[in-house]
Amino acid sequence: MAEISEFIAFRFKVNLYNSDQSSLLCSGFFSEVTGFEATMEPKVIGEGGYNWGEHHRSGPTKFVPIVLKRGVTDVNDLWAWFDATTNQANYGYRMSGEIIVYANPSVDGDVVTDNAVMVWKLSGVLPTKFKGPDLSATASQVAIEELHLVHQGLELQRPVPAGTQGRGAA
């Protein structure tokens, strides 16, 4: 079988759901996503009479904003969400989200399928910055240049590879 060397510009699909994840509200494809970072600030506790170091306990976790770059979407749903959250004083309409990371597509006969290799789940998502493209009649820009999202939680999930569902552990 010949190796696939197709160029896929938009490898990251972003889906945003209402808070109970019962309906899809926003969706788009992006070519770059940054900000998958969580930092736990440990609490340092000193113990009287124990002079050789300190005790460290788990502290609060902070999340870096997710930055989506060079994206496209069928409708203006991402802009409408940002506008409703900021301009219309709705006190920040938060959503749940997922960012699906795709690998190179595979070919089986004439069927090309996208392979999801990981899914990042986000909770309490809120948009903080929306940047549209520069408008130029000679440039071929995308619909969304940048979208910044803050969130209250991050979780990595690995999809079950196709063909292994229903098998027991060996």
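Residues numbered from 1 in each chain as written. Predicted model: local features only at pLDDT ≥ 70, side-chain atom pairs only at ≥ 80, totals over all residues. Heavy atoms only, no water.

Some words on the overall build of the protein
Along the protein, the regular secondary structure elements total 1 helix and 13 strands. Ordering the α and β elements of the protein from the N terminus gives β-β-β-β-β-β-β-α-β-β-β-β-β-β. In the protein, which comprises 170 residues, the proportion classed as buried is 28%. Sequence separation of 24 or more characterises 61% of the internal contacts of the protein that already satisfy a separation of 6 or more. Total accessible area on the protein stands at roughly 11,200 Å², and carbon and sulfur atoms take up 52% of it. (Helix = DSSP H or I, 4+ residues; strand = E, 2+ residues; numbered from the N terminus. Buried < 20%, exposed > 50% of the residue type's maximum accessible area, 1.4 Å probe, protein only. Contact = heavy atoms within 4.5 Å. Areas by Shrake-Rupley, 256 points an atom, 1.4 Å probe, with all protein chains shown as cover.)

Considering the nonpolar core
Of all hydrophobic cores here, the largest spans 19 residues; its most connected members are L16, L68, L78, W81 and I99. It is strand β11 (residues 116-131) that provides the largest number of residues to this core, a total of 4 residues. What L16 contacts, discounting residues up to four positions off in sequence, is S23, L24, L25, C26, L78, W81, M95, S96, G97 and V125. (Core = buried A, V, L, I, M, F, W, Y, C linked by side-chain atoms within 4.5 Å.)

A closer look at the pairing of strand β12 (residues 144-150)
Counting buried residues along β12, 6 of its 7 residues qualify, which places the element largely inside the surrounding structure. By the bridge criterion, 5 bridges tie strand β7 (residues 66-72) to β12 in an arrangement that is antiparallel. The partner of G71 across the bridge, within β12, is I144. In this sheet, β12 lies alongside β11 in antiparallel orientation, the contact comprising 5 bridges. Within β12, the position partnered with K131 by the bridge is E146. (Pairing = 2+ DSSP bridges.)

Details of the pattern of salt bridges
Taken as a whole, this structure holds 4 salt bridges when the rule is applied. The salt bridge partner of K69 is E32, with a shortest N-O separation of 3.9 Å. With K69 in strand β7 and E32 in strand β2 (residues 24-34), the pair connects residues that are 37 residues apart, well separated along the chain. Given a relative accessible area of 26%, E32 falls into the partly exposed group. Among the salt bridges present, the one from R70 reaches E32, with a minimum N-O distance of 2.3 Å. One end of the pair, R70, is in strand β7; the other, E32, is in strand β2, and 38 residues separate them in sequence. Each of E32, K69 and R70 takes part in a single network of salt bridges with overlapping partners. (Salt bridge = Lys/Arg side-chain N within 4 Å of Asp/Glu carboxyl O.)

Observations concerning the packing of aromatic side chains
Tallying each qualifying case throughout the model produces 2 aromatic pairs. Ring centres of F82 and F130 lie 6.1 Å apart, and the angle between their planes is 35°; this geometry places the pair in the tilted category. Linking F82 in helix α1 (residues 77-86) with F130 in strand β11, this pair joins segments that are 48 residues apart in sequence. (Phe/Tyr/Trp six-rings, centres within 6.5 Å; stacked < 30°, edge-to-face > 60°.)

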